[in-house]
Amino acid sequence: MLTFVLRRLATGVVLVVAISVATFFLLFATAGDVARNILGGQASATSVTQLRHQLGLDQPVTTQFWHWAGRAVQGDLGESYAGGQPVAQVLVGRLAVTLSLVLGATLVTAVVAVVLGVAAARRGGRVDTIVQVGAVLAAAVPGFLIAIGLVLVFAIGLDLVRPTGYTAFTDSPAQWLSSIVLPVVGLSLSSVAGVVLQVRGAVIDALRQDYVRTLRSRGLSENRVVYRHVLRNAAGPALSVLGLQFVGLIGGAVLVEQLFAIPGIGEVTVAATTQGDLPLVMGVVLVTATLIVLLNLAVDLLCGWLNPKVRLT
């Protein structure tokens, strides 16, 4: 197990480095004149030259990259070009907001997918058809349309929740919940579509196994057979898909945060990319890639814990 973890961590480090290198050079090639973007079109050439030198933008791109990488290895992500704040300080607050949305959407996705997937696999017939058709429709409708529809119905029409804005949990738990309900539902609907079909298929395959007939012959209730044994054996493929959906939710959070005026990673990434704020964009990429690597490792370990066959493999 330790060898597996170390091997996966080594692979993850290589992946994070590769993503960081590619992103850095791509941003450098497409950012344009960052100093001019920061100071504005009316700034003098002398001021632009001085700022470019101050930020180190007049150095070769390879020198800039090694300078950034050397500090990043020590935990220093640099300072934002535009705001002058430490990148780590900017990301801490923003990351907490985005993770509250993504983790909430992941939890909703897992619960709804298990309930609907198991129901479709066990009952079949009309229930199975409704679940499959609903999943296809949910996957086909763009997420931003779902989000707009939720705002029109529940925020504006029924006035049940806040349409936009964000309140920290520490300020008011009730207001925090009201501010994330619609974004979480909007994020999770498309994810549920993929996971519920995976759960349905895995449960159907598990119900056909010999051990299920053996458990039933011993007099175990159907619910105990399904939820204690079948679902555990079927969880591996569903967890893998859920892990992929988590990655997609991080990307989807960018649009959702813009629609609901939520100050998360998505909002700051869009602004930093537009301004050519290289340290801030690289900080977002590095933190996001690291989270994805750790998540994939956690999913693999959880699959191994749930299914001894996977653990041996």
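Summary of the structure given here.

### Looking at the overall build of the protein chain
- Scanning the protein chain from terminus to terminus reveals 13 helices and zero strands.
- Beginning at the N terminus, the succession of helices and strands in the protein chain can be written as α-α-α-α-α-α-α-α-α-α-α-α-α.
- Of all 313 residues assigned to the protein chain, the portion counted as buried reaches 39%.
- Here the analysis covers contacts within the protein chain between residues at least 6 apart in sequence; of these, 71% occur between residues at least 24 apart.
- Here the protein chain has roughly 16,800 Å² of accessible surface; of this, 65% comes from carbon and sulfur atoms.
- The distance from the centre of the 20 positive side-chain charges to the centre of the 14 negative ones in the protein chain is 17 Å.

### A closer look at helix α6 (residues 125–140)
- The terminal C-alpha atoms of α6, which comprises 16 residues, lie 23 Å apart, in line with the 22 Å expected from a rise of 1.5 Å per residue.
- The set of residues buried in α6 consists of D128, V131 and A135. Taken end-on, α6 shows its buried residues confined to a sector of 65 degrees, consistent with a single buried face. Set apart from the buried face of α6 by more than 90 degrees, the exposed residues are G125, R126, I130, V136, L137 and A140.
- Check the buried side of α6 and you find it contacts α5 (87–123) and α8 (173–207).

### Overview of the nonpolar core
- Judged by nonpolar contacts, the single largest core of 28 residues is most densely connected at L101, V102, L182, L187 and F260.
- Elements with a minimum of two residues in this core: α5, α7 (143–157), α8, α10 (222–259) and α12 (278–306).
- The biggest single contributor to this core is α10, with seven residues.
- With residues near it in sequence (within four places) discarded, V102 still touches F246, L249, I250 and A253.

### Topic: unusual backbone geometry
- Backbone geometry places A261, a non-glycine residue, at a positive phi of 55 degrees.
- Following the sequence through the fold, A261 ends up in the loop between α10 and α11 (265–275).
- Given the relative accessible area of 44%, A261 is considered partly exposed.

### Some details on the side chain of T98
- Among the structural elements, T98 can be located in helix α5.
- Look past the residues within four positions of T98 in its chain and what remains in contact with it is A253, E257, G264, I265 and G266.

### Here we look at the layout of surface pockets
- By volume, the largest pocket is sized at about 370 Å³.
- Secondary structure elements with two or more residues in the lining of the largest pocket: α4 (61–73) and α12.
- Broken down by element, the lining of the largest pocket gets its largest block of residues, four residues, from α4.
- When its residues are assigned to classes, the lining of the largest pocket shows six nonpolar, six polar and three charged.
- Its boundaries defined by the atoms lining it, the second largest pocket holds a volume of some 310 Å³.
- In this structure, the second largest pocket is lined by 17 residues; those nearest its centre are V13, V16, V17, S20 and L286.
- Elements with a contribution of two residues or more to the lining of the second largest pocket: α1 (2–30), α4 and α12.
- Of the residues forming the lining of the second largest pocket, the biggest block, seven residues, is contributed by α1.
- Looking at side-chain class alone, the lining of the second largest pocket contains 14 nonpolar, three polar and no charged residues.

### Focus on the pattern of salt bridges
- The full count for this structure, using the stated rule, is four salt bridges.
- With a shortest N-O distance of 4.0 Å, D76 and R71 are connected by a salt bridge.
- D76 gets classed as partly exposed once you look at its relative accessible area, which sits at 35%.
- When its relative accessible area of 30% is taken as the criterion, R71 is described as partly exposed.
- For D128, the salt bridge is made with R200, and the minimal N-O distance between the two is 2.6 Å. Of this pair, D128 sits in helix α6 while R200 is found in helix α8, placing the two residues 72 residues apart along the sequence. For the pair D128 and R200, one class covers both residues: buried.

### Examining the packing of aromatic side chains
- This model, assessed by the stated rule, comprises six aromatic pairs.
- Summarising the aromatic geometry, the rings of F24 and F25 are spaced 5.9 Å apart at their centres and angled 70 degrees between planes, so their arrangement reads as edge-to-face.
- For the pair F24 and F65, a centre-to-centre distance of 5.3 Å together with 75 degrees between the ring planes defines the contact as edge-to-face. You can see F24 sitting in helix α1 and its partner F65 sitting in helix α4, a full 41 residues away along the chain.
- Exposure remark for F24: the relative accessible area of 2% places this residue in the buried category.
- Aromatic rings pair up to connect F24, F25, F65, W66 and W68 into one cluster.

About the criteria used
Residues numbered from 1 in each chain as written. Predicted model: local features only at pLDDT ≥ 70, side-chain atom pairs only at ≥ 80, totals over all residues. Heavy atoms only, no water. Helix = DSSP H or I, 4+ residues; strand = E, 2+ residues; numbered from the N terminus. Buried < 20%, exposed > 50% of the residue type's maximum accessible area, 1.4 Å probe, protein only. Contact = heavy atoms within 4.5 Å. Areas by Shrake-Rupley, 256 points an atom, 1.4 Å probe, with all protein chains shown as cover. Lys, Arg positive; Asp, Glu negative; His and termini not counted. Charge placed at Lys NZ, Arg CZ, Asp CG, Glu CD. Expected span 1.5 Å × (residues − 1). Arc of directions from axis to C-beta. Core = buried A, V, L, I, M, F, W, Y, C linked by side-chain atoms within 4.5 Å. 1 Å grid on protein atoms, 1.4 Å probe; cavity = no way out; pocket = protein on both sides within 12 Å on 5 of 7 lines; lining within 4 Å. Points joined across faces, edges and corners; volume = space filled by probe spheres on them. Nonpolar A, V, L, I, M, F, W, Y, C, P; charged D, E, K, R; others polar. Salt bridge = Lys/Arg side-chain N within 4 Å of Asp/Glu carboxyl O. Phe/Tyr/Trp six-rings, centres within 6.5 Å; stacked < 30°, edge-to-face > 60°.

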